[in-house]
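Analysis of the macromolecular model
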Amino acid sequence: MTQRALDSSGEQPDSLRTPTAPAPAGGLTTAEVAERVARGEVNDVPVRSSRSVTEIVRANVLTRFNLIIGVLWVIMLFVAPLQDSLFGYVIIANTGIGIVQEWRAKKTLDSLAVIGEAKPTVRRDGNAAEISVSEIVLGDLVELGPGDKAVVDGTVVEADGLEIDESLLTGEADPVLKRPGDPVMSGSFVVAGGGAFTATKVGREAYAVQLAEEASRFTLVQSELRSGISTILKYVTWMMVPTALGLVISQLVVKENNFKDSVARTVGGIVPMIPEGLVLLTSVAFAIGVVRLGRKQCLVQELPAIEGLARVDVVCLDKTGTLTEGGMDVTELRPLNGSDEDRVRRVLGALGASDPRPNASLKAIIDAYPDGSGWDVTRTLPFSSARKYSGAAFAESDGTASAWLLGAPDVLLAPGDPAIAETGHLNEQGLRVLLLARVPGELDAPDAASGASPAALVVLEQRLRPDAGRTLSYFDDQNVAAKVISGDNAVSVGAVAQKLGMPGAEHPVDARRLPDDSDDMASEIERNAVFGRVTPQQKRDMVAALQSRGHTVAMTGDGVNDVLALKDADIGVSMGSGSEATRAVAQIVLLDNSFATLPSVVAEGRRVIGNITRVATLFLTKTVYSVLLAILVVCFQVEYPFLPRHLTLLSTLTIGVPAFFLALAPNKERAQPHFVRRVMRYAIPSGVIAAVATFLTYLMAGHAYSGPGSLDAETSAATLTLFLVSMWVLAIIARPYTWWRVALVAAMGACFLVVLAVPWLQKFFALKLVGVTMPWTAVAISVVAAAVLEVAWRMVGRRFPS
């Protein structure tokens, strides 16, 4: 039966360890490992960071719209000239581009995943070595330290105050004290102490293997953008089916036209209803985003993280490892109450030698006071983020027994103690201060910190990240609120943040005084920027409080105390050098440990979301005017004005080529919610105006032309109007203008003029403007439609603001 570790009051006698028993085994031998590999008892679960090539091809090829277009393409190959089948070749090219881009993203993700892969320490032939997760075999002796994640199931054989958090699996918030013989579940992680366990279940038998596979898979789920596009496509399908049936009946039965010509014009009405390039362009934009971030050593473990971080309006930062570098330096030792400095140095050296897995603070102490010999360790108390201190009991060289604690002064000492005031002055300078205190009782006492006698203050200087100030400034400029939540002293954290120029850092808040009520807590967090003495559970509560106010929250961290908050945040960002547990739950891993990479991730997400919103309006404008034109044709009982070649030309020049460039352009606007509403509010009026203007031109041309070839002349006039109106929609969407955007719009217009001017292209696309009156009438109608478009967009912008 396991026992629960108690709260931060220090009442954790069961978490003490007595390092007297030798290691029970040296692990498997090389021969035993080979025997198990031969039997297939290997942890062979493929942890994939991306979809397989087969899945990529299937996802890009086997779509409902590709099926519809494929059937229509085959029909057109039999009943119409080659130029009316161009849409099929365009789809093949687009699908090919999508496959290649996602394959490139897969290669990038796979290579980065190898760099960021967890390397558990396994003991074999008496030696400990890091190996790949997939190389673990049944019976391996796996070592554990703070922050390590259990990658397979097993049974504890060594326990040095081993406390394991199983909340990600069981929901139980308190860490569990593990003793030899207790089970260890894959997916749990160490919060304090250390030990080793024997692997009893590997591969697909491990408890959390399905969760582990799913968590690290290249995925497009839980994305507002993707779900929004799916919603749009669903509605498009509902509109398209009855409209297409009406068009078929109208062209084949009512008009009694030439069969092949009727089929061609029917297909010409159906194909543009399908926004086939929208899904492709979204996948391409995401894939290129992954590749771009990969070049900056940023591993995107879940693709929607690019989108999610673009929507973030609050980013919670852990100080250590994010604003500061992992290492520290001891700058001063201040003995208290007349303590002998030489003795204090020996105590610190002995404390450093007593911990086989020192944290950053203790590593700095070990570097400053390396001599820990001459004292025998009788008890140790591992550091815990919850209680804020660690300790050890010694038998000194003269036979004297003593017990010492090393930790936060304001936790170990009673309020009003003179040492706390001295600590406050140091914290105001941004220095980190630890208190060395001797305790009169045993470490296994429920109130071990009670009656602690201060012996010395250990002053540590943290190394600020040179890029942290610029990154904080970026978030401030982008209206993203930064909140520093740290387990360190609030005044010290505030001083560090002030050095980096963070707004609001001059008023740090001690998290122990935060209200318990979620709403009150959220108000306090919104008002302030820096919080100290935050427990791991409080970090989680603070994230939840912000989310309850409608904020999209990103959380950065690298320590085991950040895991719960990282998991609950909308976007979890871990440093590559962070603990194995943080890397496992984070959606984004900064492999180069550079906090300065975050603006690039935000910018990439904003580029993708903002640009897809822009180009989606282009695609759906085409869908709206295509459906409306088909309805008008059915209602007025006239021939459909276009052949597939006309709409292929228009789609390429006004949507396909421009959308590709616009989707990859820089875009710094913060992503807004309600994707479907934001797109349709412009696409519907634009499509309606384009359809009405085009159909009006078509009807007027029907009265202006007669005799053989009149239908071609009518089609050419209608095509001119539709092109000009669509170009104006493109011109609106391309704003704000830059030189390349203006050049892009101008180039598309020039290409259309070339088609109208070159005889063989006229013939190929069946476009020839006849006379003077009707072409200029078409232009005039287009000008009026453009003016109406401008008014409509302004009205929509005021009526339905972002």
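Residues numbered from 1 in each chain as written. Predicted model: local features only at pLDDT ≥ 70, side-chain atom pairs only at ≥ 80, totals over all residues. Heavy atoms only, no water.

On to the overall build of the protein chain, then. Helices and strands together make up the secondary structure of the protein chain, namely 27 helices and 22 strands. The 802 residues of the protein chain split such that 56% are buried. Restricting to contacts in the protein chain with at least 6 residues of sequence separation, those with at least 24 account for 74%. Of the accessible surface of the protein chain, which amounts to about 32,300 Å², a share of 58% is contributed by carbon and sulfur atoms. (Helix = DSSP H or I, 4+ residues; strand = E, 2+ residues; numbered from the N terminus. Buried < 20%, exposed > 50% of the residue type's maximum accessible area, 1.4 Å probe, protein only. Contact = heavy atoms within 4.5 Å. Areas by Shrake-Rupley, 256 points an atom, 1.4 Å probe, with all protein chains shown as cover.)

Our focus in this paragraph is the pairing of strand β4 (residues 141-144). Judged by which residues are buried, β4 turns out to be covered on both faces: Leu141 and Glu143 on one side and Val142 and Leu144 on the other are all buried. Inspection of the sheet shows strand β2 (residues 121-124) paired to β4 by three bridges, in the antiparallel sense. For Thr121, the partnering residue across the bridge sits in β4 and is Glu143. Sheet analysis places β4 next to strand β8 (residues 189-201), joined by four bridges and oriented antiparallel. Bridged to Leu144 within β8 is Gly195. (Pairing = 2+ DSSP bridges.)

Attention now moves to the side chain of Asn489. The residue Asn489 is located in the loop between β17 (481-485) and α16 (490-499) in this model. Side-chain polar atoms of Asn489 contact the backbone nitrogen of Val491, separated by 2.9 Å. The contacts of Asn489, once residues within four sequence positions are left out, are Asp410, Asn427, Gly532 and Arg533. (Polar contact = N/O pair within 3.5 Å; in protein donor to acceptor, adjacent residues only side chain to side chain.)

Within a regular strand, side chains alternate between the sheet's two faces. Summarising the sheet, β2 and strand β3 (residues 127-130) pair through four bridges and their orientation is antiparallel. What sits directly across from Arg124, in β3, is Asn127. Hairpin connection, β2 to β3: the antiparallel pair is bridged by two residues, and Asp125 has positive phi, about 55 degrees.

Right, let's talk about the packing of helix α21 (residues 598-636) against helix α24 (residues 710-733) for a bit. Orientation of α21 relative to α24, taken along the N-to-C sense of each, is 155 degrees, at an axis distance of 10 Å. The angle between the axes of α21 and α24 places the two elements in the roughly antiparallel class. For the pair α21 and α24, the sense of crossing is right-handed. Judged by residue contacts, Arg614, Thr617, Leu618, Thr621 and Tyr625 of α21 engage Leu722, Ser726, Val729, Leu730 and Ile733 from α24. For the contact of α21 with α24, the residue count by class is six nonpolar, three polar and one charged. (Axes fitted to C-alpha atoms, helices over the stretch in contact; angles between N-to-C directions. Parallel < 35°, antiparallel > 145°, perpendicular 65-115°, else oblique. Left-handed = near helix turned anticlockwise from the far one by under 90°. Nonpolar A, V, L, I, M, F, W, Y, C, P; charged D, E, K, R; others polar.)

Quick look at a negative patch on the surface now. There is a patch of like negative charges on the surface, built from Asp516, Asp517, Asp520 and Asp541. Residue position: Asp520 is located in helix α17 (residues 518-527). (Patch = residues over 30% accessible without salt bridge, like charges linked within 9 Å, V, L, I, M, F, W, Y side chains within 5 Å. Salt bridge = Lys/Arg side-chain N within 4 Å of Asp/Glu carboxyl O. Lys, Arg positive; Asp, Glu negative; His and termini not counted. Charge placed at Lys NZ, Arg CZ, Asp CG, Glu CD.)

Our next topic: unusual backbone geometry. Cis rather than trans, the peptide bond between Arg735 and Pro736 has omega equal to -5 degrees. Mapped onto the elements of the fold, Pro736 is located in the loop between α24 and α25 (739-757). Even without glycine at this site, Asn337 takes up a positive phi of about 55 degrees. The residue Asn337 is located in the loop between β11 (324-335) and α11 (341-354) in this model.

Here we take up the nonpolar core. In this structure, Leu309, Met502, Ile588 and Phe752 are the most contacted members of the largest nonpolar core, which totals 125 residues. For this core, the element with the highest residue contribution is α21, accounting for 17 residues. Apart from the residues within four sequence positions on either side, Phe752 is in contact with Leu649, Leu650, Leu653, Thr719, Leu720, Phe723 and Leu767. Counting 25 residues, the second largest nonpolar core, distinct from the first, contains Ala522, Val543, Met555 and Leu566. (Core = buried A, V, L, I, M, F, W, Y, C linked by side-chain atoms within 4.5 Å.)

This next bit is on the side chain of Arg533. Inspection of the secondary structure assignment puts Arg533 in the loop between β19 (530-532) and α18 (536-548). Taking relative accessible area as the criterion, Arg533 reaches 6% and is therefore assigned buried. A distance of 2.7 Å separates a polar side-chain atom of Arg533 from the backbone oxygen of Gly487. Excluding anything up to four places from it in sequence, Arg533 contacts Ala408, Pro409, Asp410, Val411, Ser486, Gly487, Asp488, Asn489, Asp510, Ala511, Arg512 and Gln538.

So, on to the environment of Ala584. Tracing the chain through its elements places Ala584 in helix α20 (residues 580-585). Along the chain, Ala584 and Gln301 lie 283 residues apart, while their C-alpha atoms are 9.2 Å from each other.

Turning our attention to the packing of helix α15 (residues 468-477) against α21. At their nearest, the axes of α15 and α21 sit 9 Å apart, and the two run at 30 degrees to each other. Put simply, α15 runs roughly parallel to α21. On the side of α15, the interface is formed by Thr471, Tyr474 and Phe475, while α21 contributes Leu598, Pro599, Val602 and Ala603. By residue class, the composition of the contact of α15 with α21 is six nonpolar, one polar and no charged.

Before going further, it helps to examine the confidence of the model for the protein chain. Confidence in the prediction for the protein chain averages 79 pLDDT; 86% of positions are at 70 or higher. Mean pLDDT values over the elements of the protein chain span from 34, in strand β1 (residues 3-4), up to 93, in α25. In this model residues 1-24 is a low-confidence stretch, pLDDT under 50, and it forms 61 contacts with partners more than four residues away in sequence or in other chains. (pLDDT = per-residue confidence, 0-100.)

A separate point is the packing of aromatic side chains. Here the structure, examined in full by the defined rule, presents nine aromatic pairs. Aromatic pair Tyr474 and Phe475: ring centres 5.7 Å apart, planes at 65 degrees, arrangement edge-to-face. In this structure, Tyr474 and Phe475 share a single accessibility class: buried. (Phe/Tyr/Trp six-rings, centres within 6.5 Å; stacked < 30°, edge-to-face > 60°.)

With that out of the way, let us pick up the sheet that holds strand β18 (residues 509-510). Taking strand neighbours across the sheet as the criterion, the eight strands line up as β9-β22-β21-β20-β10-β17-β19-β18 in an open arrangement whose pairing is mixed. Across the chains shown, the open sheet's two edge strands, defined by having one partner strand only, are β9 (298-300) and β18. Pairing of β18 with β19 involves two bridges; the strand directions are parallel. Each bridged residue has a counterpart across the sheet, and for Asp510 the counterpart in β19 is Gly532. Lying on the sheet, α18 is in contact with β10 (314-317), β17, β19 and β20 (553-557); it crosses β20 at an angle near 160 degrees.

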